[in-house]
Amino acid sequence: MPQHVVDQWNKLAENLSALNLADEAQRKAKVKELQELIQGHGIPSNLRKKAWTAFAGTTESKSKFPSDYYQSLVKDINVKGSPDVLDQIDKDIKRTFPDCSKFREEEEKMLERVLKAFSIHNPSVGYAQSMNFVCAILLIVLEDEEDAFWVMVHIVEHILTGYYLSNLIGCQIDQKVVESLVEKHLPKLHKHFEETGLALSLVTIPWLLCIYLLALPMEVAIVVLDNVLYRGRYVIILTCLAILQMNENVIFQTKEGTNIAILLKDITTHTFDKSSLLKAIFSWSNIKESEIQNLATKFREELIKANFERVKQSEIYSLQRSTKLTRKELETLYSEFTKLAKRENAQEYTNTGYIQYQDFAQILPSVLPKFGKNDVELKHLWSTFDANKDQKLDYKELTIGLSTLYRCSSEKKLQFCFDVYDINKNGRLEKEELRAILFSAKQTLKLPFNLDKTVVKTFATLDKDKDGFISFGEFKQVLLVEPSLLQFFLPPEPVSYTHLTLPTKRI
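The paragraphs below set out a description of the structure included in this document. The shown structure was predicted, so the numbers you read here are calculated from the model rather than taken from an experiment.

## Describing the layout of surface pockets
Consideration 1: The computed volume of the second largest pocket comes to approximately 420 Å³.
Consideration 2: Along the walls of the second largest pocket sit 18 residues, with S45, R48, K102, V141 and I222 positioned nearest its centre.
Consideration 3: Of all elements in the fold, only α4 (45–55), α9 (105–121), α10 (131–142) and α15 (218–231) reach the threshold of two or more residues within the lining of the second largest pocket.
Consideration 4: Partitioning the lining of the second largest pocket into residue classes produces 9 nonpolar, 2 polar and 7 charged.

## A word on the pattern of salt bridges
Consideration 1: Using the criterion set out here, one finds 19 salt bridges in the structure.
Consideration 2: Between K116 and D90 there is a salt bridge whose closest N-O contact spans 2.7 Å. You can see K116 sitting in helix α9 and its partner D90 sitting in helix α8 (residues 83–93), a full 26 residues away along the chain.
Consideration 3: With a relative accessible area of 38%, D90 lands in the partly exposed category.
Consideration 4: Each of K49, K62 and D147 takes part in one network of salt bridges that share partners.

## What about the environment of V250?
Consideration 1: Position of V250 among the secondary structure elements: in helix α17 (residues 248–253).
Consideration 2: The partly exposed category is assigned to V250, whose relative accessible area is 31%.
Consideration 3: Residues V250 and I260 lie 10 residues apart in sequence; the distance between their C-alpha atoms is 8.7 Å.
Consideration 4: When near neighbours in sequence (up to four residues on either side) are disregarded, V250 contacts L263 and I267.

## Some points on the packing of aromatic side chains
Consideration 1: Within this structure, the stated rule accounts for 18 aromatic pairs.
Consideration 2: Pairing F360 with F385 gives two aromatic rings, centres 5.5 Å apart and planes at 55 degrees, and the pair type is tilted. With F360 in helix α22 (residues 357–367) and F385 in helix α23 (residues 375–385), the pair connects residues that are 25 residues apart, well separated along the chain. Judged on exposure class, the residue F360 and its partner F385 are both buried.
Consideration 3: Here a set of aromatic residues connected by ring pairs shows up, and it is made of F65, Y69, Y70, F149 and W150.
Consideration 4: If you follow K392 out to its NZ or CZ, it ends over the ring of Y354, 4.7 Å from the centre.
Consideration 5: Just above the ring of F469 sits the side chain of R428; from NZ or CZ to the centre is 3.7 Å.

Definitions and limits used
Residues numbered from 1 in each chain as written. Predicted model: local features only at pLDDT ≥ 70, side-chain atom pairs only at ≥ 80, totals over all residues. Heavy atoms only, no water. 1 Å grid on protein atoms, 1.4 Å probe; cavity = no way out; pocket = protein on both sides within 12 Å on 5 of 7 lines; lining within 4 Å. Points joined across faces, edges and corners; volume = space filled by probe spheres on them. Helix = DSSP H or I, 4+ residues; strand = E, 2+ residues; numbered from the N terminus. Nonpolar A, V, L, I, M, F, W, Y, C, P; charged D, E, K, R; others polar. Salt bridge = Lys/Arg side-chain N within 4 Å of Asp/Glu carboxyl O. Buried < 20%, exposed > 50% of the residue type's maximum accessible area, 1.4 Å probe, protein only. Contact = heavy atoms within 4.5 Å. Phe/Tyr/Trp six-rings, centres within 6.5 Å; stacked < 30°, edge-to-face > 60°. Lys NZ or Arg CZ within 6 Å of the ring centre and 35° of its normal.

Here it is as structure tokens:
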């Protein structure tokens, strides 16, 4: 780096840590000199740690959490971490820059702690492959695992938003932006890709996921990351265009799409120098950030819609095979359920979402008009529908419950009712649990029997072991004791959900 550039950086460095450069308004207000320096030369290695933590707003981020927040995450890894996520991280640690002399056993241990701590900090992302390479570079540059953790948080949550969700929606969006810009600004290259059968995403998605850390020589990739931390996803998109344009001639000479992919991988990891790449990247500055943002918004809406439809068809196909509901009923239930459902990450749409107890109480009169007439019964129903006991009800759980109650055999209907009131889930009913069933039936159907006498009579007749409990086998005989209960447990006509409309208020 030329000495005059170093001198300029040294002057700027005095105030760098005091600036909240993660704030867009302050970034834009900063002197043009800073942007020109980063775009033209990157950041000097002795100032990179200070610059990266400033750009990522680590001081502000830390202030929002307890002072020992990172340490507490590390301490709770084995308690709060997802076993599947922790196992995947363990597998990827040894695969991370195995030939890098700056990344050895101690750095591997730090990488493991940071990635696992992040998976607890943001469980909706957890961990995805490529995050290990991004985090490793942060550790190499910052030489501090807590700083690496907070810069990682900034990158994943504020720059590469949605990149590492299970469906990679953020990365898919940017990939489509790249394809659109290639078609518009590099039309001959776009046509060549089509003629050779190259799916550009096979090349560019790996570039995007690891922010070019595996596509470029490390010292060049770090300079790109300087600019990504300063300008965000805008630089990631421009870098993709620059790499493709710089290799146009050799790409045109290659007539097979597979060979182009191999060629680009070989060229990018060996032949770039940072000065020529930075110049090429910012030669695309005529493409404004607003244009990229507009394209991203367009493709985000298209992808979310497509993901929603894909999840819908998958769920309905599965439930057609495992329930007694018709496809039309399943589609109607799905449509109504998703209006009310919540999601851990609204962008992702990789599942149907869920409703909570208060939502269940709100929709119950529409889906189960004869049940849940009192708080006790409502809670019993909720507990039985909530098959995995996570205090959330997804579309599958709701649908299976409804199908069991209204479409399955008499045996399964009775088993479901039994499970609803088997509070202790020990496979038998105590006297008070049986009383709750009979009370609900009496209240719902306005049956004339005497509640106390029926409870006593039922136990006297069915509790053959005289142990104070009724098993399911004994419970099935309850209809012989009180035949009027038949219409409560076994509704004569199935309910149709073909024209169902649920309340749409979100709670």
